[in-house]
Structures are given as structure tokens and as C-alpha cells.
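# Structure at a glance
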Amino acid sequence: MTGSIDPLRAQFDAFKALPRDTPIHMLNLVRLKAKADYPEGHPNHGKDMSGLDAYRAYGRETAALFTGLGGRQVWVGKPETVVTGPADERWDIAFIAEYPNAAAFLAMVTDAGYREWVKHRQAGVEDSRLIRLSPVVPGEGFGE
């Protein structure tokens, strides 16, 4: 079974149907490939890079665009073990990215440069989850 790397059309359409003018958080869970799998013709094809190397290249190349659109990381953690969920599930990277609004996220993923840089992510990621969150102020109890 192949992992979830890019959104399906219906998922992207659902994202675009939500409000675009409010701040959003994007929860990222990433499982990396042992070896990056760049397509033939890409400058990194056959360079024996790790999935982590490819994902780091993605981060370096998209950083200026991400921050230029007002994006920032608001939380990052190192996954250790799944306490509730499938026993064989594992994640290598977990973080929450904040955008001033959904329009900024959409501007990033439709940028011509980004469409080239995302090839690093596609080469290095085995599976992922990207979940849009509406930031709220925590209450006193869970779920508030």
C-alpha cells in the first residue's frame, strides 16, 4: 500500500471550501523513506540520499516562501511511540505550522517554485498526515 503524500482532489476541494481569511494551523505527521526516491531526470536522482536528507532539502528550499507568506512553526515534537492507535504506526517528524490564513497556504502550494521544491518532499516521504486545524484558546478541561 502506498502512503498518503499529496492531497486527493476531494480533500483539497474540502480545504478550499473552508474560510480563507482566518488563521489556520496545519498538523503535520511525517514518516520518512529510508532512501529518497527522486524521479528520473531530477538532479538528485541516483544520489543515494536518505528520506531525511530529501525532507530537509524541501524545508530549506521552501523556507523563504513559507515565512514570506507569514508562516511559522508553532510547535514541533519528536514522536516516540503510539499510545493509542495502530501498534505498527510510526512517525518520524511531527509539527504544527501556522499560517495567517488559508489564502497564504494556498499561495504557497500553488507557487511555481514550490511546485518544483515539493519534489524533495515527494521523494523523501513514505506516508504523512496533514490536518487543518482552527486555532482556539484552550479551556480548563480537555475538549473545551
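Check the entry above for the structure.
The model shown is predicted, which means the values in this text are computed figures rather than measured ones.

### Let's talk about the overall build of the chain
Helix and strand counts for the chain stand at 4 helices and 4 strands. Sequence-ordered secondary structure for the chain, helices as α and strands as β, is α-β-α-β-β-α-α-β. Here the C-alpha atoms of the chain give a radius of gyration of 16 Å, agreeing with the 15 Å that 2.2 N^0.38 yields for 144 residues. Overall, the chain is about 50 × 40 × 25 Å in size when its C-alpha atoms are taken along their principal axes. Within the chain, the fraction of its 144 residues that count as buried is 33%. Sequence-distant contacts, at least 24 apart, represent 77% of the contacts inside the chain between residues at least 6 apart. Only carbon and sulfur atoms are counted for the fraction: they give 56% of the accessible area of the chain, which is about 9,300 Å². For the chain, the centre of its 17 positive side-chain charges and the centre of its 19 negative side-chain charges are spaced 4 Å apart.

### Brief notes about the pairing of strand β1 (residues 24-32)
Counting buried residues in β1 gives 8 out of 9 residues, a clear majority hidden from the surface. When β1 meets strand β3 (residues 93-99), the two strands line up antiparallel, connected through 7 bridges. Counted as the bridge partner of L29 is A94 from β3. Sheet analysis places β1 next to strand β4 (residues 125-133), joined by 8 bridges and oriented antiparallel. When the bridges of β4 are listed, N28 appears paired with L130.

The rules we used
- Residues numbered from 1 in each chain as written.
- Predicted model: local features only at pLDDT ≥ 70, side-chain atom pairs only at ≥ 80, totals over all residues.
- Heavy atoms only, no water.
- Helix = DSSP H or I, 4+ residues; strand = E, 2+ residues; numbered from the N terminus.
- Rg over C-alpha atoms; globule rule 2.2 N^0.38 Å.
- Buried < 20%, exposed > 50% of the residue type's maximum accessible area, 1.4 Å probe, protein only.
- Contact = heavy atoms within 4.5 Å.
- Areas by Shrake-Rupley, 256 points an atom, 1.4 Å probe, with all protein chains shown as cover.
- Lys, Arg positive; Asp, Glu negative; His and termini not counted.
- Charge placed at Lys NZ, Arg CZ, Asp CG, Glu CD.
- Pairing = 2+ DSSP bridges.

This is a description of form; function is not addressed.
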